[in-house]
Amino acid sequence: MRFNDVLIAFHNQPCFDYSSVALLFPQGDASLRTSLHRFKKSGKLLELRRGLYAFPEPWRKVTLHAPLVANELYKPSYISERWALSWYGIIPEKVELITSLTTRPTRSFENGFGRFIYRTIKPFVFNGWLTEIVAGAAIRIATREKALADFLYLEAGEWTESRMESMRFDPEGIDASALDLHLRATGEQRLVRASEAWKRYASAESAGSISI
């Protein structure tokens with residue numbers, strides 16, 4: 001297997017896995033792995049995780065960046081929590097670590113594009129994402145309300161108005177009814193209380209003050 005053959009086969013994909021290579025080049029496992037290792041060692045391939053590859057520049061011809069890598073590393077998953085909240089402007093901090101949610105076991109990965117964490121949630125709350133264009137690529141990311149609901153759900157403890165204020169949440173653009181549906185779907189009473197606290201918090205923020 002020559003590098004140019006791999007380049008021609010996968011040049012229009014942001015990344016590709018070992019099984020796809022083996023399907024196109026049925027020359028035996030040992031030979032394929034030797035070739036891929038050689039391409040990686042010479043700087044012609046990036047290994048994003050074991051068995052998942054991408055082309056580095058100048059061979060890469062399609063968009064590849066951290067949010068897209070997050071979608072591809074561990075499926076099914078969607079980006080949520082702090083990174084999504086930051087991207088939407090709901091929290092003021094810039095967040096580098098990308099947290100995604102999955103129904104699979106919790107995992108973490110690190111490569112040249114950054115650090116990625118995958119947190120497990122129950123299948124009945126694995127929903128509420130959409131496709132957004134981020135830096136030219138279609139990304140699976142939670143809606144505003146689901147990103148906030150996921151964060152409130154996965155962070156332990158009671159969510160009071162004062163705790164929400166400490167996070168400096170910006171309630172603009174959050175549909176309180178949609179948030180309430182997501183929080184109640186968890187079946188946790190603390191999140192029902194969090195929904196009511198959010199309504200008071202958002203109302204106070206809109207009025208320009210908050211009582212603690």
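That block above? That's the structure.
Residues numbered from 1 in each chain as written. Predicted model: local features only at pLDDT ≥ 70, side-chain atom pairs only at ≥ 80, totals over all residues. Heavy atoms only, no water.

Asker: Run through the pattern of salt bridges, naming residues and quoting values.
Answerer: A full pass over the atoms with the stated rule returns 16 salt bridges. Linking arginine 184 and aspartate 180 is a salt bridge whose minimum nitrogen-to-oxygen distance equals 2.9 Å. Highlighted residues: arginine 184 and aspartate 180, both in helix H8 (residues 176-185), separated by four residues, approximately one helical turn. Judged by relative accessible area, arginine 184 falls into the partly exposed class, the value being 41%. (Salt bridge = Lys/Arg side-chain N within 4 Å of Asp/Glu carboxyl O. Helix = DSSP H or I, 4+ residues; strand = E, 2+ residues; numbered from the N terminus. Buried < 20%, exposed > 50% of the residue type's maximum accessible area, 1.4 Å probe, protein only.)

Asker: How would you explain the pairing of strand E6 (residues 107-111) if you had to name every residue and give the values?
Answerer: The sheet contact formed by E6 and strand E7 (residues 114-120) spans five bridges and is antiparallel. Within E7, the position partnered with arginine 107 by the bridge is tyrosine 118. In this antiparallel pair of consecutive strands, E6 and E7, the connection spans two residues. (Pairing = 2+ DSSP bridges.)

Asker: Could you give an account of the side chain of threonine 186, with specific residues and numbers?
Answerer: Within the secondary structure, threonine 186 sits in the loop between H8 and helix H9 (189-207). Side-chain polar atoms of threonine 186 contact the backbone nitrogen of glutamate 188, separated by 3.3 Å. Apart from the residues within four sequence positions on either side, threonine 186 is in contact with Phe124, Val125, Tyr153 and Leu191. (Polar contact = N/O pair within 3.5 Å; in protein donor to acceptor, adjacent residues only side chain to side chain. Contact = heavy atoms within 4.5 Å.)

Asker: Mind laying out helix H1 (residues 3-10), listing which residues take part and the relevant values?
Answerer: Residue pairs three or four apart in sequence face the same way in an α-helix, which turns once every 3.6 residues. Taken together, the buried positions of H1 are occupied by Phe3, Val6, Leu7 and Phe10. Seen along its axis, H1 keeps its buried residues to an arc of 100 degrees; they face one direction. Looking at the buried positions of H1, the neighbouring elements they touch are strand E1 (16-17), helix H2 (18-24) and helix H3 (29-41). (Arc of directions from axis to C-beta.)

Asker: Now, about the packing of aromatic side chains: what can you tell me, with residues and values included?
Answerer: Counted according to the given criterion, the structure contains 19 aromatic pairs. Ring geometry for phenylalanine 3 against phenylalanine 55: centres 5.9 Å apart, planes inclined by 85 degrees, an arrangement best described as edge-to-face. One end of the pair, phenylalanine 3, is in helix H1; the other, phenylalanine 55, is in the loop between strand E3 (52-54) and helix H4 (66-73), with 52 residues separating them in the sequence. The class of phenylalanine 3 is buried, set by a relative accessible area of 6%. Taking the relative accessible area as the measure of exposure, phenylalanine 55 reaches 3% and is therefore buried. Ring geometry for phenylalanine 151 versus phenylalanine 169: centroids 6.2 Å apart, planes at 85 degrees, classification edge-to-face. Of this pair, phenylalanine 151 sits in helix H6 (residues 144-154) while phenylalanine 169 sits in the loop between helix H7 (161-167) and H8, placing them 18 residues apart in sequence. Each member of the pair, phenylalanine 151 together with phenylalanine 169, is buried. (Phe/Tyr/Trp six-rings, centres within 6.5 Å; stacked < 30°, edge-to-face > 60°.)

Asker: So, the pairing of strand E5 (residues 98-102): which residues are in play, and what are the values?
Answerer: Along any regular strand the residues' side chains alternate between the sheet's two faces. Within E5, five of the five residues are buried, leaving the element largely enclosed by the surrounding structure. Of the two faces of E5, the one carrying Ile98, Ser100 and Thr102 and the one carrying Thr99 and Leu101 are both buried. Across two bridges, strand E4 (residues 78-79) lies against E5 in antiparallel orientation. Bridge pairing in E5 places tyrosine 78 opposite leucine 101. Bridging between E5 and E7 involves five bridges; their strand directions are parallel. Its bridge partner lying in E7, isoleucine 98 is registered against phenylalanine 116.

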